[in-house]
Amino acid sequence: MLLENDDSVNRRELLRELVRQARFILSLPLTQAVISLSEPSETTATALRSKGDKMNDNELLGSNDPYRLPRHVIPTRYDIRLEPDLAAATFSGHVTITLMVKQETQTILLNATDLRIESTGLEGTTGRKIEATVELEPLLQRVRLSCRQPVTPGEWRLHLSFHGRLNDQLRGFYRSTYKDASGMVQTLAATQFEATDARRAFPCWDEPDFKAVFATTLVIDPQFTAISNTSVVSESVEESKKVMRFADTIKMSTYLVAFVVGRMQPTKPVFVGRTPLRIWTVPEKQELTPFGQEIAVASLKFFEEYYGITYPGDKLDLVAIPDFASGAMENFGAITFRETALLVDPRAGTHAELGRVADVVAHENAHMWFGDLVTMSWWNGLWLNEAFATFMEMLAVDAWKPEWKRWETFSVARAAAFSVDGLMSTRPIEYEVQAPKDADAMFDVLTYEKGASVLRMLEQYIGPTVFRDGVRRYLRTHAYGNADTKDLWTAIGAVAQQPVPELMNGWIFHPGFPLVTAEMDGQTLKLSQQRFTYLKQEIQPEQLWHIPVQIRLTKDGRTEERQLLLTERDATVPIPSDVTAVLVNAGGHGFYRAHHRGSLLQQLLDQSRDHLAPIERFNLVSDAWATTLAGVMPLDEYLALTARFKGEQDKNVWAVLLDSFSFLNRIIAPNDRASLEALVRDRVGQAVKNLGWDPQPGESDLIRQLRGDLLGALGRKGNDQATQQQAVEWYRQYRKDPSAVDPNIVPALVTILAYVGDETRYEEFSELYRTASTPQEERRYLFSLAMFRSPELIARTLTRTINGEIRTQDAPFIVAAAMTNVYVREQAWEFVKTNWDQMDRLFPKQGLRRMCGGIVGLATPELEKDVHHFFTARKIDFGGKTMDQYLEQLRVAVSFREREGRMMPATLASAIQS
Ligand SMILES: [Zn+2]
C-alpha cells in the first residue's frame, strides 16, 4: 500500500503551492533576499507550463515531477572556488562543472536558490564555446540555462559565477557567532546542506543520485583557517588572501559537501590505520575534546572491521560549531556537530550527557559508509541512511562500553517510535517525497528509531553474522553509488537465503505496527495480530505483518524458547501443562506491542523479578501503558501494575514509569494534582530511599543516572518537600565544590530548584547559563529557565527566545519546554501565537517544526481547540505529516482526559492503597 500517489492530486497541490509562493514572494521587501527575481508570476506560469506542454514536447526534460531535474545532463565533477567575507556576511564564488551530455539539448536545468548568478558559458573538450543565458526559477529553486546553440552529446565544462549571503538560518552557507575568552564576538562560516541546501551555496545538481567529485578552493582572510571534506593540498597567498586548496573528494552527493571558515583549532591527529582523525573547536574549547576523540577513534575502527571496508576518505575531521540546527551532520570527512554533541568534560558530565556524545559521534562515523559511500537514490529512502546509522551507533557504543547496556536503553527510543507509529496519521518508513519541505519532514522518529528497530528485529531473526555479511555485500555492491530498499533486501536475502523482502516489506512500506494479543485457552496459546492505534478507527483493508514472534516458556524455574513467524491474523501454539509463565516478545527486539491477557499477565508480574530481563520488564510496562492510552487496559489496572515496580533498579523501566506519570500530570485538572503527586511519592519514594543520595563504591554508571532521574521526579512530579529541601543543601555544596557531588544528580538539583525557585534563583541560573564552562552546563541552566512556575519569570524566558539572548539553535526547544510546563503552558502558547511571524523568520525551519511538537503539552479541550484554530487559520505545514501527527498526539491526550479525568483523583487514591 502506498499513500495518495494520485498524480492529479499532486498537480493540484503543486498549483496551489506555486500560487501561494508567488504571492509570498511578491509581498517580500526587496532587501529580503539576494535572489534576482525574474517576474514571479511569469515564472509560476512557466513552471506550470513546462510541467505540461513543454515537457511533453521535449522528452529530454520529461520528468513529471517539477522538483526533480532531468537526466540528460549529468555532472561528474565540480571545481569550486569560494570567497566568503565574514565581516560583510557575503560570499562570492565560481564553479566549473564538468558535464556529461547524453542527448543533444539547448536547455540545461540545475538547482540554485538565494544566489545571484552572473555569467555563464559552456566549453567543449575541443575548445568549442557556447554562450547561455541564465533564468532563475525561484519557486522551484532551479536555474534554467538557455544555450545559444545545441549542446551535442559528450563532455562539457559549464562556468558559473555567483554571489550569496551568509545567512543566519543555519542552513546553506551560514554565519555562526560566539564570544571568545575576552568577551569579543567572533564570527565563523559553516555549512549545512542536507537535505536540499547545497543549492544555497553554489549552483549544482542537488539530488542525492547526481554523485560527482568535488574539488574545493577556499579564499579566506589570513587570520582564519578552513576545513573541507578532504586534506589541504596547497596553501598560498594571493593579494593578501589565504588560498586553501583541498584534494578531490570521492564521488559523492552534493548534500555531503562542507566548508567551515574561522578561527578554528584542531587536536593532534590520532591515526586509525592511515586516517588522521582530529576534533576541531573554537580556540577556547580544546580541553573538552578527549572524550569525543576517544569514541570517534573506537567507532571508526569498529566500523572498518564490521563493514570490512577501510574508511574511504583521506582524513576525518569532527568539527564543533557554536550555532548548529540539528545534532550533527555527516559531511564526508568533515562531520559537523552542535557543541553539546561532541564536546564534554567527562568528570562533570552525567552518564546521559556522555552517552549522547558517544551516540552522536558513532552515528556520524557510521554514515561515512551508510549514506556517504552508499547513498539512498532519493529522499523517500532516507531510512537506508538514518536507520542504519542509528542501528550501527548502538552496535559501536555497545562494543565500546558494554557496561552501558546500550541495547537496553534503545528500548526508550523504540517506544518513542511506537508513540508516533500508533497514530492514524503515521506514515510508512519509506514515504513519497517531492518538495524540499517533504524531504525535511522525513527526519523523524519513524526514519531513525522505527527504522533502526526493524533492522534490529531482522538482525536478531536471521542472526548477527548473517546480517553483517548481508550488509557487507550491500556496501560492496553499491559503493560510490546509490541504492534502494530492494537492493538492501537482495543483498541480505542472498546471504541469509531467506525471502527477506516478504518478511520486511510490511514494516517498511506500510504505516503502523501490530499489537499481538496473547491469551491462554486450555493448553493452547492463542495469538492474534491487529494494527495498534490509540484512537479507535476502522482500518481498511485489514493490515497484516510477518512478525517474528519469540516466545519464552517457564517451567520449574527453567526456560525454553520458541520462535514462530506470525503471518496470518491468528495462530495457536500448544503449551505443555507444567508451564507456569509465557512471555511473548522474549528478548524484547520485536517491533510490536504485546498484550498478555488475564492470567498470562499476572504470571509474568509474579515472576518478573527473576525471569524477565530489564528490556522485557521495560516492554511489559511500556506495552501496558500504551494499551491503557488506547483504552484496552483500564487505568486502575495499569496503576496497580506500577506498584509492582517500586523496587525496580533499571533506569529504562523507570523511564517509562516516570513518563506515564508525566503524561498524567499534563492531563490532570490543577485541583486534582495533589493526588497524582501522592502517587508519585508512593511509587518513587522507596526506590530513592534504597539508593540514597550518595553514590556507592563500585556502583554502575546506570545506577548513578537512575538516582538522578528518580530524585528529579520525586522533587518535582512528587512535589516532595523533604527532597526539595535536601536539594537546596546539596546544590549549595555543589556550588562550593563541584567535585563533592556526583554529576549525575546535578541536573535533578537544578530542575528541582527551578521548580521551587524564585526570582533570585532565576537570576542565579541565568548568570550560570551565560558563564557556563561546558556546553552541557550551559544547556542545563538554559533549560532550567523554562521550568520555573512563576508566570513573570517564564515571561522573561520567553522574551529571551526572540530577542537574540538565546541562540536560535536552542530557542525553539525552550519554547517547546515551556508549552509542556503545566503551570505556564497557556502563557507559552499565547506567546507562540503572538510572536509566530517573528519566530518563523528567526528560527531554523527544523527548530520551528520541533517547537510545534510542544503543543502535545496543551492537553485541555479548550487549548486543543485553539491550537487547531491557529494552525488551520495560518495554514501551517511542515511537509509530510508532521502537523497531523502533533495534532493527533494532542487528541490522544485530550480524549484520555475526557475518558478518565473526572474519576482520576479516586482512581489515584485507590491505587496508592493497593
Ligand atoms: Zn544520521
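Figured I'd write up the structure that's included with this text.

Parameters and conventions
- Residues numbered from 1 in each chain as written.
- Predicted model: local features only at pLDDT ≥ 70, side-chain atom pairs only at ≥ 80, totals over all residues.
- Heavy atoms only, no water.
- Donors = N, O, S within 2.8 Å, 3.2 Å for Na, K, Ca; no water.
- Helix = DSSP H or I, 4+ residues; strand = E, 2+ residues; numbered from the N terminus.
- Buried < 20%, exposed > 50% of the residue type's maximum accessible area, 1.4 Å probe, protein only.
- Contact = heavy atoms within 4.5 Å.
- Salt bridge = Lys/Arg side-chain N within 4 Å of Asp/Glu carboxyl O.
- Expected span 1.5 Å × (residues − 1).
- Axes fitted to C-alpha atoms, helices over the stretch in contact; angles between N-to-C directions.
- Parallel < 35°, antiparallel > 145°, perpendicular 65-115°, else oblique.
- Left-handed = near helix turned anticlockwise from the far one by under 90°.
- Nonpolar A, V, L, I, M, F, W, Y, C, P; charged D, E, K, R; others polar.
- Pairing = 2+ DSSP bridges.

This brings us to the coordination of the zinc ion. The zinc ion binds to the protein through H363 (NE2), H367 (NE2) and E386 (OE); the donor distances cover 2.0 to 2.1 Å. Mapping the donors of the zinc ion onto the primary sequence yields the spacing H-x3-H-x18-E. One end of the pair, H367, is in helix α4 (residues 351-367); the other, E386, is in helix α5 (residues 382-400), with 19 residues separating them in the sequence. The same class applies to H367 and to E386, which are both buried.

Attention now moves to the environment of L122. If you trace the backbone, L122 turns up in strand β4 (residues 116-124). Along the chain, L122 and N744 lie 622 residues apart, while their C-alpha atoms are 61 Å from each other. Residues in contact with L122, not counting those within four places in the same chain, are L99, I108, R128, K129, I130, C147, V151, W156, R157 and L158.

On to the pattern of salt bridges, then. Counting across every chain of the model gives 61 salt bridges. Here E207 ties to R68 by a salt bridge, and the two come within 3.0 Å at their closest N and O atoms. With a gap of 139 residues between them, E207 in the loop between β9 (185-192) and β10 (213-220) and R68 in the loop between α2 (40-57) and β1 (73-85) connect regions that are remote in the sequence. The exposure class assigned to E207 is buried, which follows from its relative accessible area of 1%. With relative accessibility at 18%, the residue R68 sits in the buried group. For the salt bridge of D682 with R683, the shortest nitrogen-to-oxygen distance reads 2.5 Å.

Let's shift gears to helix α17 (residues 701-715). Helix length check: α17, at 15 residues, gives a terminal C-alpha distance of 21 Å against a target of 21 Å (1.5 Å per residue), a fit within 8%. Extensive coverage of α17 is indicated by the burial of 12 of its 15 residues. Taken as a whole, α17 has its buried residues at L702, I703, Q705, L706, R707, G708, L710, L711, G712, A713, L714 and G715. Residues of α17 that are buried make contact with α4, α15 (651-667), α16 (673-691), α18 (721-736) and α19 (746-755).

The next point concerns the packing of α5 against helix α9 (residues 464-478). The geometry of α5 relative to α9 is characterised by a closest axis approach of 14 Å and an angle of 140 degrees between their N-to-C directions. When the interaxial angle is binned, α5 and α9 end up oblique. By crossing handedness, the relation of α5 to α9 is classed as left-handed. Contact residues: L384, F388, F391 and M392 in α5; F467, V471 and Y474 in α9. Residue classes in the contact of α5 with α9 are distributed as seven nonpolar, no polar and no charged.

This paragraph deals with the sheet that holds strand β27 (residues 570-574). A sheet is described by the order of its strands in space; here four strands give the open sequence β27-β24-β23-β29, paired in mixed fashion. The open sheet terminates on both sides in strands that have one partner only, identified here as β27 and β29 (593-596). Taking each pair of neighbouring strands and ignoring which way they run, the sheet shows an average axis angle of 25 degrees. As paired strands, strand β23 (residues 514-521) and β29 are joined by four bridges and run parallel to one another.

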